[in-house]
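Understanding the architecture of this molecule
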Amino acid sequence: MKTVVIRNGEEHQFVAVAELPAPELLNPEQVLIKVLCVGLDGTDREIVTDNFGMLPQGEDHMIIGHELLGVVEQAGVRSGLIAGDLVTALVRRSCKDMSCSNCRSDRSDFCETGTYIERGIKEADGYLCEYVVEDAKYVVKVPKECAPYGVLVEPQSIVEKVWNQVELIQQRMIWQPKTALILGSGPLGILVAMTCRVLGMETYVWSKSDPQSLNADIIRRIGGHYRQAGDVSGASDKHVGSAAADKGADRFFTGLTAYAAELNLRFDMIWECSGYPPLGYESVPLLNNNGVLALLGVTTGTGRLDIPGDLLHQEMVMRNKCVIGSVNASRRDFITGIDRLRTIEQLYPGMLDLLFSKRIAIEAVPDLDFSAIAIKAVVDVVPPEQWNAMLNVLPD
Ligand code: BGC
Ligand code: ZN
């Protein structure tokens, strides 16, 4: 079968199309999935451009891709699925350490050892190929009506995991979030913005993209507010709250603080989706009392930052602020993700489809310029016009 792999090169890993044997069912709990399409995200970009991927031990290649949409071609008798089911799959697999309570309880997204495996990212083949075999416990059924945007279930699961944690944390009080700020307007930032709108929040997005870009347009069309980073009238760092007092922290301000001052707002929740660390730290004073900052953006950098430590400490202690980091997602996040995407599609019809700014075939992946992707690239392993004929005609 056709696959897209990374291989170790002399200095850098590189991407190639490779012909490899198709996998086969090994036991009755498994399913053989025909891959329809695979989404690419920032992690794939890091893998392709920055050696973020980790090859399986003893192998000289790894199939990449972790955002799967496929159709069950052959179902093991104990899989609970049938041929024709539309499916996606979890990314992470548990570590082997018996002392890791979370992995032992199917919550490898909270693995304690860090020795987990991730399909297409860390030590296991991913989904960017024609056929995948997987244990049914890692496969999630997707309603057929969601086929056009089903490849977004995995990235949406990342958003759902954060929201679920925030709801748990905020049970510490009566919390009625009204305002959200999202940093970054890539696919994740846009999905977060859509989610915040569905949750009824006034939604602000601050990002590098041009105000005329498709990203900014989507934000406005779902009723959000978009502002280009750096584009703040008289960006003189007139800070909200006590941040103004800290003269030593000049280099720490990106203009985000001035934007909040201009809006005369603080936010109940801030989602950092850009992976640019200064923004996360600058955000803490911009939270409302009792607010939560969630860090989702991945960075592989080694940069250092001069931060106003006392200010951040005071802000968090005296105002009950909370910062959480979050990675990966569990099966339940995939399920709520499917529900959320359906609601988004109902409330904002056609907007999810706008995320797919680039659709390519497998052969085109090695030449893909990640920096030129407006929002999201999807690799169509089967052309979308052929999908319907492959899905089971029985209703879900
Ligand atoms: C994936 C996660 C994964 C993370 C870090 C993200 O792109 O969605 O499932 O845990 O990368 O490898
Ligand atoms: Zn573990």
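Right above here is the structure, for reference.
Below, the discussion takes up the overall build of the protein chain. Of regular secondary structure, the protein chain possesses eleven helices and 19 strands. A compact globule built from 396 residues should have a C-alpha radius of gyration of about 21 Å, and the protein chain, at 22 Å, falls within 12% of that. On the principal axes, the C-alpha backbone points of the protein chain span a range of 65 × 45 × 40 Å. If you sum the accessible surface of the protein chain, you get close to 17500 Å²; carbon and sulfur atoms cover 50% of it. Seen as two clouds, the 37 positive and the 52 negative side-chain charges of the protein chain have centres 5 Å apart.

Quick look at the sheet that holds strand E14 (residues 225-228) now. The strand order across the open sheet formed by six strands is E14-E13-E12-E15-E16-E17, and the pairing between neighbours is parallel. Of all the strands in the sheet, the pair left with one neighbour each is E14 and strand E17 (322-325). Sheet twist, expressed as the mean angle between neighbouring strand axes with direction ignored, is 15 degrees. Looking at chain direction, strand E12 (residues 179-183) and strand E15 (residues 267-272) are connected through four bridges and run parallel. The residue of E15 that forms the bridge with Ala180 is Met269.

Counted according to the given criterion, the structure contains 21 salt bridges. For the salt bridge of Arg7 with Asp60, the shortest nitrogen-to-oxygen distance reads 3.9 Å. With Arg7 in strand E1 (residues 2-8) and Asp60 in the loop between helix H1 (42-50) and strand E4 (61-63), the pair connects residues that are 53 residues apart, well separated along the chain. The exposure class assigned to Asp60 is partly exposed, which follows from its relative accessible area of 48%. The residue Asp85 makes a salt bridge to Lys141 at a minimum N-O spacing of 3.7 Å. Of the two residues, Asp85 sits in the loop between strand E5 (67-75) and strand E6 (86-89) while Lys141 sits in strand E11 (residues 139-141), which places them 56 residues apart along the sequence. On the accessibility criterion, Asp85 (3% relative accessible area) is buried. Taking relative accessible area as the criterion, Lys141 reaches 38% and is therefore assigned partly exposed. Within the structure, one salt-bridge network assembled from shared partners comprises Arg93, Arg119 and Glu134.

A word on the coordination of the zinc ion (ligand 2). At 2.3 to 2.4 Å from the zinc ion (ligand 2) lie its protein donor atoms, namely Cys95 (SG), Cys100 (SG), Cys103 (SG) and Cys111 (SG). Relative to the metal, the four donor atoms surrounding the zinc ion (ligand 2) lie at angles of 100 to 121 degrees, and the coordination shape comes out tetrahedral. Cys103 gets classed as buried once you look at its relative accessible area, which sits at 3%.

All right, on to the site of ligand 1 then. All residues adjacent to ligand 1 are Asp41, Thr43, Phe52, His66, Val91, Arg92, Glu118, Ile121, Glu154, Ile158, Val327 and Asn328. Between ligand 1 and Glu154 there is a distance of 2.7 Å, counted from an oxygen atom to a side-chain nitrogen or oxygen. Within the contact set of ligand 1, an oxygen atom lies 2.8 Å away from a side-chain nitrogen or oxygen of Asn328. Here ligand 1 has 310 Å² of accessible area as a free molecule, and 92% of this is covered by the chains. Per-class residue counts for the shell around ligand 1 are five nonpolar, three polar and four charged.

Moving on: the pairing of strand E13 (residues 202-207). Burial of E13 is extensive: five of the six residues sit out of reach of the surface. Sheet topology places E12 next to E13; five bridges connect them, and they run parallel. Paired with Leu181 across the bridge in E13 is Tyr204. Of the crossover connections in this fold, the one passing from E12 over helix H4 (residues 187-198) to the parallel E13 is right-handed.

Pairing geometry for E1 and strand E2 (residues 13-19), over seven bridges, is antiparallel. When the sheet's bridge partners are listed, Val5 is paired in E2 with Ala16. Hairpin connection, E1 to E2: the antiparallel pair is bridged by four residues.

About the criteria used
- Residues numbered from 1 in each chain as written.
- Chains lettered and ligands numbered in written order.
- Predicted model: local features only at pLDDT ≥ 70, side-chain atom pairs only at ≥ 80, totals over all residues.
- Heavy atoms only, no water.
- Helix = DSSP H or I, 4+ residues; strand = E, 2+ residues; numbered from the N terminus.
- Rg over C-alpha atoms; globule rule 2.2 N^0.38 Å.
- Areas by Shrake-Rupley, 256 points an atom, 1.4 Å probe, with all protein chains shown as cover.
- Lys, Arg positive; Asp, Glu negative; His and termini not counted.
- Charge placed at Lys NZ, Arg CZ, Asp CG, Glu CD.
- Pairing = 2+ DSSP bridges.
- Axes fitted to C-alpha atoms, helices over the stretch in contact; angles between N-to-C directions.
- Salt bridge = Lys/Arg side-chain N within 4 Å of Asp/Glu carboxyl O.
- Buried < 20%, exposed > 50% of the residue type's maximum accessible area, 1.4 Å probe, protein only.
- Donors = N, O, S within 2.8 Å, 3.2 Å for Na, K, Ca; no water.
- Tetrahedral: all angles 85-135°; square planar, octahedral: opposite > 155°, others 65-115°.
- Near = heavy atom within 4 Å.
- Polar contact = N/O pair within 3.5 Å; in protein donor to acceptor, adjacent residues only side chain to side chain.
- Nonpolar A, V, L, I, M, F, W, Y, C, P; charged D, E, K, R; others polar.
- Right-handed = clockwise from strand over helix to strand, strands pointing away.

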